[in-house]
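An overview of the molecular structure
Here is what each chain is made of, one letter per residue.
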Amino acid sequence: MSEAASAIAAPHGAIVPGVSPQLYSRNDFERISRMVHEEAGIVLNDRKAMLAYSRLAPLVRDNAFTRFSDYLDRLTNDTALRTRTIAALTTNHTYFNREPHHYEHFETHVRPALVAQAAAGHPVRLWSAGCSSGEEVWTLMMVLLGADRHKGAEVSRQNVVALASDLADHAVSAAQTGRYPLDAMDAVPEALCKLWCTRESDTLSIGSELRKLVRFRQLNLLRAWPFEGQFDVIFCRNVMIYFDDPTKERLVLRLAQQLRPGGFLYIGHSERVSGEASALIRCVGPTVYQKPGGRS
Ligand SMILES: C[S@@+](CC[C@H](N)C(=O)[O-])C[C@H]1O[C@@H](n2cnc3c(N)ncnc32)[C@H](O)[C@@H]1O
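Definitions and cut-offs
Residues numbered from 1 in each chain as written. Predicted model: local features only at pLDDT ≥ 70, side-chain atom pairs only at ≥ 80, totals over all residues. Heavy atoms only, no water. pLDDT = per-residue confidence, 0-100. Contact = heavy atoms within 4.5 Å. Pairing = 2+ DSSP bridges. Helix = DSSP H or I, 4+ residues; strand = E, 2+ residues; numbered from the N terminus. Axes fitted to C-alpha atoms, helices over the stretch in contact; angles between N-to-C directions. Near = heavy atom within 4 Å. Polar contact = N/O pair within 3.5 Å; in protein donor to acceptor, adjacent residues only side chain to side chain. Areas by Shrake-Rupley, 256 points an atom, 1.4 Å probe, with all protein chains shown as cover. Nonpolar A, V, L, I, M, F, W, Y, C, P; charged D, E, K, R; others polar. Domains from an automatic or database assignment. Buried area = accessible area lost by both parts, 1.4 Å probe. Buried < 20%, exposed > 50% of the residue type's maximum accessible area, 1.4 Å probe, protein only. Salt bridge = Lys/Arg side-chain N within 4 Å of Asp/Glu carboxyl O. Disulfide = S-S within 2.5 Å. Parallel < 35°, antiparallel > 145°, perpendicular 65-115°, else oblique.

Right, let's get into the confidence of the model for the protein chain. The predicted model of the protein chain has a mean per-residue pLDDT of 94, with 95% of residues at 70 or higher. Predicted confidence is poor over residues 1-9, with pLDDT under 50, and the contacts of this stretch with residues over four places away or in other chains come to eleven contacts.

Structure below.
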């Protein structure tokens, strides 16, 4: 038995120490893992048996079930509960100014053209796909508005819209609330934070100039996307790490197709573009891709 397998194995067929297989069995974990893969593309390997238990046990209890198998049976005809179950299995770890080289690239190579595009009356569209609790989209919008209040306010009056979407409803709600602990923005340049956020007792709240630019939506990236327009910039970072290779390739192809010519795709530092998308976008920096055409 591998080290990982022995770590989760427990006497009498239990897969979580101290939890009877009558309540939570390997078969239950396999059902969970199949469901989350089919619906969200997320791969849960055997080492996640304990994690799945701890994330779902409160839902099992709150819905007055004792055995996971009974709870899972219920999900077959309760779509809302199934959606909550999948959301509970997502990993929403994120923070402001994560992978700062992306924001530096955006500020230097992308922002000037977008500001000019907006000033010329053309729409500017950005997408944080898999936005989690919003730190990514808010950082991006602060960088877009920049460190000059007057010029930033001018940009915020133009036809600029960012979509922030995530599979997990609880994450989208947190993103939309836009309130964070005081130290959450320590990694954001102070000038940006001071200009575009306000301090409210023990929290920092995203200011109105940023809020009016962002639309939030619960969206499963594996399903149909309810928009036709193309984006100037897509951030889809640290989302595909949970997917298997065919799912990653299908998603990155759709993202590439959704970019307008000249548009940029930013992915997480451990993610790669492969498959058919490689013919549509070219690497222009570490985990930064551009679709040829449009502006250079
Ligand atoms: C680790 S967070 C990354 C957040 C942010 N992009 C960042 O890099 O900091 C991954 C997010 O992807 C979302 N996610 C996972 N599978 C998804 C899917 N099929 N459709 C949409 N969002 C998904 C999760 O809910 C989670 O909030």
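Strand order in this open sheet of seven strands is β6-β2-β1-β7-β8-β10-β9, and the pairing throughout is mixed. A single partner strand is all that each edge strand has here, and the edge strands are β6 (214-218) and β9 (282-285). The average angle at which neighbouring strand axes cross in this sheet is 20°, direction not considered. As paired strands, strand β2 (residues 160-166) and β6 are joined by five bridges and run parallel to one another.

This paragraph deals with the site of the ligand. Around the ligand sit 23 residues, and of these Thr94, Arg98, Gly130, Asp166 and Asn238 come closest. Residue Leu167 places a main-chain N or O atom 3.2 Å away from a nitrogen atom belonging to the ligand. One of the side-chain nitrogen or oxygen atoms of Asn220 is found 3.0 Å away from a nitrogen atom of the ligand. Relative to its free-state accessible area of 600 Å², the ligand is covered by the protein chains to the extent of 99%. Partitioning the shell around the ligand into residue classes produces ten nonpolar, nine polar and four charged.

What follows deals with the domain arrangement of the protein chain. Here the domain parsing of the protein chain yields domain 1 (3-88) and domain 2 (100-290). Each of domain 1 and domain 2 has a C-alpha centre, and these two points are 33 Å apart. Domain 1 puts ten residues into the contact, and the matching count from domain 2 is eleven residues. For the pair domain 1 and domain 2, the summed buried area comes to about 770 Å², and 56% of that belongs to carbon and sulfur atoms.

The subject of this paragraph is the side chain of His105. Assignment of secondary structure puts His105 in helix α6 (residues 100-119). Not counting chain neighbours up to four residues away, the residues in contact with His105 comprise Val110, Phe264, Tyr266, Val284 and Val288.

Take the environment of His101 next. Within the secondary structure, His101 is located in helix α6. The class for His101 is partly exposed, based on a relative accessible area of 31%. Each C-alpha atom of the pair His101 and Arg272 lies 16 Å from the other, and the pair is 171 residues apart in sequence. Not counting the four nearest positions on each side in its chain, His101 is found in contact with Pro286 and Thr287.

All chains considered together, the criterion is met by twelve salt bridges. For Arg82, the salt bridge is made with Glu39, and the minimal N-O distance between the two is 2.8 Å. Of this pair, Arg82 sits in helix α5 (residues 79-88) while Glu39 sits in helix α2 (residues 26-40), and the two are 43 residues apart along the sequence. Classification of Arg82 as buried rests on a relative accessible area of 18%. A salt bridge links Glu154 to Arg157, with the nearest nitrogen and oxygen atoms 2.9 Å apart.

In this section: the sheet that holds strand β4 (residues 197-200). Strand pairing in a sheet takes place through backbone hydrogen bonds and is either antiparallel or parallel in direction. Spatially, the three strands line up as an open sheet ordered β3-β5-β4, and their pairing is antiparallel. At either end of the open sheet lies a strand with only one pairing partner, and these are β3 (179-181) and β4. When the angles between neighbouring strand axes are averaged without regard to direction, this sheet yields 30°. Where β3 meets strand β5 (residues 203-206), three bridges bridge the pair, whose relative direction is antiparallel.

Evaluated as defined, the whole model comprises zero disulfides. Looking at the unpaired Cys236, the closest cysteine sulfur is the one in Cys131, lying at 11 Å.

On to the packing of α2 against α5. Interaxial distance between α2 and α5 falls to 10 Å at its minimum, and their mutual angle equals 95°. Judged by the inter-axis angle, α2 sits roughly perpendicular to α5. Contact residues: Met35, Val36, Glu39 and Ala40 in α2; Arg82, Thr85 and Ile86 in α5.

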